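# Summary of structural features
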Amino acid sequence: MRRIVCLTGAGMSAESGISTFRDNGGLWDQYRVEDVATPEGWERNPRLVTDFYNGQREKLLLVKPNPGHLGLARLEEKYEVHIITQNIDDLHERAGSSHVVHLHGELTKMRGCVHEDYVVSLQPGQYHQSYGQKTPYGDLLRPHIVWFGEAVPMIETAIELTQRADIYVVIGSSLQVYPAAGLLHYLPMGVPLYVIDPKEVPLPSRPEVCFLQKTATEGVEEILKILM
Ligand code: APR
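Residues numbered from 1 in each chain as written. Predicted model: local features only at pLDDT ≥ 70, side-chain atom pairs only at ≥ 80, totals over all residues. Heavy atoms only, no water.

A word on the overall build of the chain. For the chain, the count of helices and strands is 9 helices and 9 strands. Over its C-alpha trace the chain gives a radius of gyration of 18 Å, about what one expects of a compact globule, namely 17 Å for 228 residues. Counting only C-alpha atoms, the chain reaches 50 × 30 × 30 Å along its principal axes. Looking at the 228 residues of the chain, the share that counts as buried comes to 51%. A separation threshold of at least 6 residues defines the contact pool for the chain, and within that pool the share at least 24 residues apart is 62%. Of the roughly 11,100 Å² of accessible surface on the chain, a fraction of 51% belongs to carbon and sulfur atoms. Charge separation in the chain, taken as the distance between the mean sites of 21 positive and 29 negative side-chain charges, equals 2 Å. (Helix = DSSP H or I, 4+ residues; strand = E, 2+ residues; numbered from the N terminus. Rg over C-alpha atoms; globule rule 2.2 N^0.38 Å. Buried < 20%, exposed > 50% of the residue type's maximum accessible area, 1.4 Å probe, protein only. Contact = heavy atoms within 4.5 Å. Areas by Shrake-Rupley, 256 points an atom, 1.4 Å probe, with all protein chains shown as cover. Lys, Arg positive; Asp, Glu negative; His and termini not counted. Charge placed at Lys NZ, Arg CZ, Asp CG, Glu CD.)

We now examine the packing of aromatic side chains. By the definition in use, this model includes 6 aromatic pairs. A ring pair is formed by Tyr118 and Tyr137, whose centres lie 6.0 Å apart and whose planes are at 85°; its orientation type is edge-to-face. Here Tyr118, found in the loop between strand E4 (105–112) and strand E5 (119–121), pairs with Tyr137, found in the loop between E5 and strand E6 (141–145); they are 19 residues apart in sequence, far enough to count as distant. Residue classification places Tyr137 among the exposed residues on the basis of a relative accessible area of 55%. Among the aromatic residues, those joined into a cluster by ring pairs are Tyr31, Trp42, Phe52, Tyr53, Tyr131 and Trp147. (Phe/Tyr/Trp six-rings, centres within 6.5 Å; stacked < 30°, edge-to-face > 60°.)

Written as structure tokens, this is what we have:
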């Protein structure tokens, strides 16, 4: 089976009602990154960070996968599909995608501050977390999110997937945040690259790029027409 690798960013979930980060009115207009998405922010005010992610989790209960997410899951009828997402929501999984790599962590999980491999999945009834809970090893639980300034453990997996792709699709990412933005450097020459975004994004100059200036929903519909 041919392998499609799809890199998704905040624009993938925009039509589900989850705001992007850098568009006008995006999340980083409303919150200071340093307060809620850095290890220093957590050190300074862990209760604020806990509340912030509780709020983000509550939003998950109000949204559902959009036709773009569902379309990517449909590609599995004909292809081996791997999603590399910068999103921390669970909409790809809820749409039915089987292989999802979360580069920046997952809202629906908590992990140990020290014992990083101790990861707990939260059921919807547990989305409101109180600060101060501990792992069995005695260290604090924190959101399973890769904050700014932290290592991105899944990047190696993402690089390998990129190197082995037969077809590559980028959807709804401003390609401004590294290391995700650098993944395209690992895409072998000659591999067809489709980029879906309503705005222009910085693209590598290579002959095989097909830029679809569309929303995720419209763009995936187009991809399905081309590839299915
Ligand atoms: N469909 C597709 N793309 C869209 C849509 C839509 N309906 N609406 C907006 N977009 C595009 C924007 O034009 C922009 O290029 O989605 C992109 C979103 O860019 P960012 O907000 O920068 O999000 P992303 O690239 O995912 O950010 C990367 O930065 O803040 C951190 O950790 C956070 O994972 C995030 C990372």
